[in-house]
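# Per-entry structural report
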Amino acid sequence: MARVLIVGGGIAGDMLALLLERDGWEVTVAEIAPAVRTGGQTVDLRGDSREVLRHAGLLEQARNCLVPQRGAAWITADERRLAAMPVTAFGGRGLVSTEELLRTDLARIIHDAAGPSVTHRFGETVEALADSGDRVRVRFRSGGSEEFDLVVGADGAHSRVRALRFGPEENYRKPLGLAHAWFTLVEGPGTPKLDGWFLLYNTPGRLALEARPGHPGEQEIGLTFAADTLPRGGDREARFALLERTFAGAGWRAREFLTAARHAPDFALDTYDQVHMPRWHDGRVVLVGDSAWCASPLSGLGTALALRGAAELASALRSAGALDAPARLPGALAAFEQAMRPRAASAQQLPPGRVAAAAPRSALGIRCNAWVMRAVQSPLLRPLIHRAFAATEHGRAAAEADAVQSNPV
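Keep in mind the model is a prediction, meaning the values are calculated, not measured.

Cut-off values and rules
- Residues numbered from 1 in each chain as written.
- Predicted model: local features only at pLDDT ≥ 70, side-chain atom pairs only at ≥ 80, totals over all residues.
- Heavy atoms only, no water.
- Pairing = 2+ DSSP bridges.
- Helix = DSSP H or I, 4+ residues; strand = E, 2+ residues; numbered from the N terminus.
- Phe/Tyr/Trp six-rings, centres within 6.5 Å; stacked < 30°, edge-to-face > 60°.
- Buried < 20%, exposed > 50% of the residue type's maximum accessible area, 1.4 Å probe, protein only.
- Lys NZ or Arg CZ within 6 Å of the ring centre and 35° of its normal.
- pLDDT = per-residue confidence, 0-100.
- Contact = heavy atoms within 4.5 Å.
- Axes fitted to C-alpha atoms, helices over the stretch in contact; angles between N-to-C directions.
- Parallel < 35°, antiparallel > 145°, perpendicular 65-115°, else oblique.
- Left-handed = near helix turned anticlockwise from the far one by under 90°.
- Nonpolar A, V, L, I, M, F, W, Y, C, P; charged D, E, K, R; others polar.

### Thoughts on the pairing of strand S8 (residues 126-132)
- Taken together, the six bridges between S8 and strand S9 (residues 135-140) define a ladder with antiparallel strand orientation. Bridge pairing links Ala128 to Arg139 in S9.

### Digging into the packing of aromatic side chains
- Tallied over the full model, the rule gives nine aromatic pairs.
- Between the aromatic rings of Phe183 and Phe267, the centroid separation amounts to 6.1 Å while the plane-to-plane angle is 40°, which identifies the pairing as tilted. Linking Phe183 in strand S12 (residues 173-186) with Phe267 in the loop between helix H7 (254-263) and strand S16 (268-275), this pair joins segments that are 84 residues apart in sequence. Both residues of the pair, Phe183 and Phe267, belong to the buried class.
- Judged by centre distance (5.5 Å) and plane angle (90°), the rings of Trp252 and Phe257 are edge-to-face.
- A connected cluster of aromatic rings, assembled from ring pairs, spans Phe183, Phe240 and Phe267.
- The ring centre of Trp197 lies 4.1 Å from the NZ or CZ of Arg81, which sits over that ring.

### Observations regarding the confidence of the model for the protein chain
- Counting all residues, the mean pLDDT for the protein chain is 91, and 93% of those residues have values of 70 or more.
- The model gives residues 391-409 a pLDDT under 50, and that stretch makes 66 contacts with residues more than four places away or in other chains.

### Quick look at the sheet that holds strand S18 (residues 285-287)
- Strand order across the open sheet formed by six strands is S7-S2-S1-S11-S18-S17, with mixed pairing between neighbours. On the outer flanks of this sheet lie strand S7 (118-122) and strand S17 (281-282), each paired with one strand and no other.
- For strand S11 (residues 150-153) and S18, the ladder comprises three bridges, and the chain directions are parallel. By the bridge assignment, Gly153 is partnered in S18 with Leu287.

### A short note on the sheet that holds S16
- The strand order across the open sheet formed by seven strands is S5-S4-S13-S14-S15-S12-S16, and the pairing between neighbours is mixed. Each having just a single partner strand, strand S5 (81-86) and S16 make up the two edges of the open sheet. With strand direction ignored, the average angle separating the axes of adjacent strands in the sheet is 20°.
- The sheet contact formed by S12 and S16 spans seven bridges and is antiparallel. Pairing of Ala181 across the sheet is with Leu269, part of S16.
- The sheet strands contacting helix H12 (residues 363-375) are strand S4 (71-75), S5 and strand S13 (197-203), and the helix crosses S5 at an angle near 30°.

### Overview of the environment of Leu243
- With respect to the helices, strands and loops of the structure, Leu243 is situated in helix H6 (residues 236-247).
- On the basis of relative accessible area, Leu243 is assigned to the buried category, the value being 1%.
- Beyond its immediate sequence surroundings of up to four residues, Leu243 is in contact with Ala181, Leu223, Phe225, Leu258 and Phe267.

### Here's the deal with the packing of helix H1 (residues 11-23) against helix H4 (residues 103-112)
- The geometry of H1 relative to H4 is characterised by a closest axis approach of 9 Å and an angle of 20° between their N-to-C directions. Relative to H4, H1 is oriented roughly parallel. Where H1 crosses over H4, the handedness of that crossing is left-handed. Contact residues: H1 offers Ile11, Asp14 and Met15, while H4 offers Arg103, Leu106, Ala107, Ile110 and His111.

### Quick notes on the packing of helix H9 (residues 302-320) against helix H10 (residues 329-348)
- Two elements in contact, H9 and H10, have axes separated by 8 Å at closest approach and are oriented at 155°. Here H9 lies roughly antiparallel to H10, going by the angle between them. Between H9 and H10 lies a crossing whose hand is right-handed. Across the interface between the two elements, Leu305, Arg308, Gly309, Glu312, Leu313, Ala316, Leu317 and Ala320 of H9 pack against Leu329, Ala332, Leu333, Ala335, Phe336, Ala339, Met340, Arg343, Ala344 and Ala347 of H10.
- In terms of residue class, the contact of H9 with H10 is made up of 14 nonpolar, one polar and three charged.

### Comments concerning the environment of Ala208
- Among the secondary structure elements, Ala208 is positioned in strand S14 (residues 207-213).
- For the pair Ala208 and Phe225, spaced 17 residues apart in the sequence, the C-alpha separation amounts to 6.6 Å.
- Contact partners of Ala208, with chain neighbours within four places excluded, come to Tyr201, Asn202, Gly222, Leu223, Thr224, Phe247 and Ala358.

So this is what it looks like as structure tokens:
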């Protein structure tokens, strides 16, 4: 049985593990986290996400976890509405769609679908990769080495596999000038209710605060601010201190959010970046998902690209017969890249003003952004938006994200 190592047990990694196991591969998933990752905000079931989940037989399970939502609203500090976009906008394909679930639920559904030929090694990653004839010898962080027919880096925008095989991150990282913190807030007796609305508050200086519905009794919080670099990931206190300095006096619920961040087990903070690479595969090592093509959460297509990338890689390996004839692996990886690169390149083409719309610099920019959100729903522009949605399956997903300021995934 051919052996594949997938480094990274996120959406892309676990979906690929599931599909390759069904094709007959012996799959090992190395995930640096101690368990299946929780956290992350909502992801929708449009376009590629729906199609891949349907083919994998997981769509109905995902639909059973939908978060009830009424729409998105841009607000002032006293929650006066500057603009609103209900879930019915654009036939349910607006900023908040009619079918969304939390990333943590989607990750659990995909992970739990794996069978006995998938082995997860939590708290594990790779330290070295070396070609060994027609296999790859892998040295693990926990000690010991093993050989695999194929190694897949699905370990995110800060990929360890990419650094080991393709070179340092700075060769491929394109910062977009913003950083974003996200975490879950557990509601208490005095927590303001959202009533199903995703609320977005901007204040001059490129600061944005968001709260949206999560599981019952919880809210998913986002804090966006201007930054290209951050304190190192292991220094949590420095990261909290940065947030507190940045959002001091920001208004609305900033103080409440900053307090909740320190207690949230799923707290995460990262910069908004893109990853641009001339090549995603080298020998028997290949990258998939954000490791290869991160379009940034501002694209609104991270989950869709992760799922589609896993499906395309599995399909290319299947079509080439790489399971039974490992010599065909290089051709299969080239075919995978040829199929996925146009999708990834399209997603990386953020519309003009996308970064500024996420966190406007000035009060005028905040008012203009609210005006745009109202204008795109006007009877005059609505037919144009609908035509943009109808271009192609992938084009629909991209147009939806671009036209209505899609939410981070």
